[in-house]
Amino acid sequence: MLIHPWDAPRDDSEWQSWLAAHDFGQLAVNGLPGEPPFVQPLHFAFDAVRGEAVTHLARPNPLWPALEADPQVLLSVVDDYVYVPGPWQAAPEGPPEDGVPTSFYAAVQLHCTARVVDDPAEKADLLNRQLGHFQPEGGSSRATPDEAPYGRLLSGIRGLRLVVTDVRAKFKYAGKKPEEVQDRIATALAGRSGPGDAAAREHMVRRRGA
């Protein structure tokens with residue numbers, strides 16, 4: 001992922017805060033020789049203090065042999081994306097039709113070493129950590145090995161601890177454009193009010209004031 005200086009996060013807290021609210025992504029696993037990569041959509045819980053994301057997948061999932069052969073993986077999350085028409089991007093002194101269309105988006109890529117978890121007690125702990133993230137209000141039983149209701153189901157899954165070794169983050173929101181053009185784009189996003197437009201405009205305004 002190409003990251004220009006004006007698209008880079010201001011600091012770690014920017015991408016960490018964004019990732020905390022965007023907990024569904026795609027796990028890319030290198031395929032076995034002669035095979036394409038595996039790309040698995042999944043929910044995950046990211047822990048910035050521990051430097052890891054935790055998740056789980058069904059035991060029959062076909063990616064396990066590739067993951068065990070090469071545990072170096074990439075967890076990719078992309079959201080708050082919009083299409084920006086060319087006229088919105090046009091230079092102040094130029095005709096609108098000469099503006100170049102583009103995409104705005106936020107993206108975080110976590111380079112990780114995957115550690116497979118098969119011990120029932122450790123799997124239960126990972127599940128409870130995920131449940132605490134997604135259901136902080138409670139309402140569901142805790143997973144405990146050999147105890148109902150989830151104990152007997154633990155054998156059907158394998159846990160994953162994704163230990164983060166590197167992070168690449170990007171917030172592509174007209175950071176290099178003149179203020180006049182940024183104002184025009186922000187006004188146009190508010191007027192269009194389509195899917196993702198409010199979030200994209202919020203990023204523009206927030207990063208401009210940083």
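Placed above this text is the structure.
Overview of the structure. Along each chain, numbering runs from 1 in the same order as the chain's sequence is written. pLDDT decides what is reported in this predicted model: residues at 70 or higher carry local features, side-chain atom pairs at 80 or more are listed and counted, and totals for whole chains, interfaces and linings draw on all residues regardless. Just so you know, side-chain values use all the structure's heavy atoms and leave hydrogens and water out.

**Focus on the overall build of the protein chain**
Part 1 of the argument: The helix and strand tally for the protein chain stands at six helices and seven strands.
Part 2 of the argument: Runs of H or I in DSSP of at least four residues are treated as helices and runs of E of at least two as strands, each being numbered from the N terminus. Counting from the amino terminus, the protein chain carries its helices and strands in the arrangement α-β-β-β-β-α-β-α-β-α-β-α-α.
Part 3 of the argument: In terms of overall dimensions, the protein chain has C-alpha extents of about 70 × 45 × 30 Å along its principal axes.
Part 4 of the argument: A simple rule labels every residue: compare its accessible area, found with a 1.4 Å probe on the protein chains alone, to the largest value its type can have, and call it buried under 20%, exposed over 50%, or partly exposed in between. Taken across its 210 residues, the protein chain has 38% of its residues classed as buried.
Part 5 of the argument: We call two residues in contact whenever any of their non-hydrogen atoms come within 4.5 Å of each other. In the protein chain, the share of contacts with a sequence separation of at least 24, taken over all contacts with a separation of at least 6, comes to 75%.
Part 6 of the argument: In the structure as shown, the protein chain presents an accessible area of about 11200 Å², 54% of it carried by carbon and sulfur atoms.
Part 7 of the argument: Across the protein chain, 21 positive and 28 negative side-chain charges occur, with their mean positions spaced 1 Å apart. Note on areas: Shrake-Rupley, 1.4 Å probe, and residue coverage restricted to the protein chains presented here. The sign given to each residue is positive for Lys and Arg and negative for Asp and Glu; His and the chain ends receive no count. Working definition for charges: the position is that of NZ of Lys, CZ of Arg, CG of Asp or CD of Glu.

**Side note on the nonpolar core**
Part 1 of the argument: Counting 38 residues, the largest nonpolar core has L19 and L162 as the members making the most contacts within it.
Part 2 of the argument: Not counting the four nearest positions on each side in its chain, L162 is found in contact with L27, G51, E52, A53, T55, V73, L75, C112, T113 and A114.
Part 3 of the argument: To form a nonpolar core, buried Ala, Val, Leu, Ile, Met, Phe, Trp, Tyr and Cys residues must be joined to one another through side-chain atoms within 4.5 Å. One finds A124, L127, A143 and I157 within the second-largest nonpolar core, a separate group that totals five residues.

**A word on the sheet that holds strand β4 (residues 52-58)**
Part 1 of the argument: One open sheet holds the seven strands; their spatial order is β2-β1-β5-β6-β7-β4-β3, and the pairing between them is antiparallel. The sheet is open, and its two edges are formed by β2 (38-43) and β3 (45-47), each paired on a single side. Going from strand to strand, the sheet's axes swing by 30 degrees on average, the running direction of each strand aside.
Part 2 of the argument: Only the contacting stretch of a helix is used when fitting its axis, a line to C-alpha atoms as for every element, and angles between N-to-C directions run 0 to 180 degrees. Against the sheet, helix α4 (residues 120-134) contacts β2, β3, β4, β6 (102-117) and β7 (157-172), and its axis sits at roughly 110 degrees relative to β4. Strand pairing is assigned whenever DSSP detects at least two bridges linking the two strands.

**Structural notes on the packing of aromatic side chains**
Part 1 of the argument: Here the aromatic set is Phe, Tyr and Trp, taking the six-membered ring for Trp, and pairing holds for ring centres within 6.5 Å; pairs whose planes are under 30 degrees apart are stacked, those over 60 apart are edge-to-face, and all others are tilted. Applying the stated criterion across every chain, the model contains three aromatic pairs.
Part 2 of the argument: Centroid distance W18 to F171: 6.3 Å. Interplanar angle 85 degrees. Geometry classified as edge-to-face. Separated by 153 residues along the polypeptide, W18 in helix α1 (residues 12-20) and F171 in strand β7 bring together distant segments of the chain. Pair check on accessibility: W18 and F171 agree, each one buried.
Part 3 of the argument: In our convention, an over-ring charge means Lys NZ or Arg CZ found within 6 Å of a ring centre and within 35 degrees of that ring's normal. Note that R158 overlies the ring of W64, its terminal NZ or CZ placed 4.8 Å from the centroid.
Part 4 of the argument: A cation over a ring is seen here: R206 above F171, with NZ or CZ 5.7 Å from the ring centre.

**Section: the side chain of D23**
Part 1 of the argument: Here D23 shows up in the loop between α1 and β1 (24-29).
Part 2 of the argument: R129 provides the closest opposite charge to the buried, unpaired D23, separated from it by 13 Å.
Part 3 of the argument: Think of a polar contact as two N or O atoms within 3.5 Å of one another; within protein, one of them needs to be a possible hydrogen donor and the other a possible acceptor, and neighboring residues in sequence only count if both atoms come from side chains. A polar atom in the side chain of D23 sits 2.6 Å from the side chain of H133.
Part 4 of the argument: The residues touching D23, leaving out its near neighbours within four places in the chain, are L42, H43, F44, H133 and F134. Any carboxyl oxygen of Asp or Glu within 4 Å of a side-chain nitrogen of Lys or Arg constitutes a salt bridge here.

**Description of unusual backbone geometry**
Part 1 of the argument: Residues A148 and P149 are joined by a peptide bond in cis, for which omega reads 5 degrees.
Part 2 of the argument: Along the chain, the position of P149 falls in the loop between α4 and β7.
Part 3 of the argument: Positive phi is not limited to glycine here, since D80 has a value of about 55 degrees.
Part 4 of the argument: Structurally, the position occupied by D80 is in strand β5 (residues 72-84).
Part 5 of the argument: Phi angles above zero are rare outside glycine, and S193 is one such case at about 50 degrees.
Part 6 of the argument: You can call S193 exposed: its relative accessible area is 58%.

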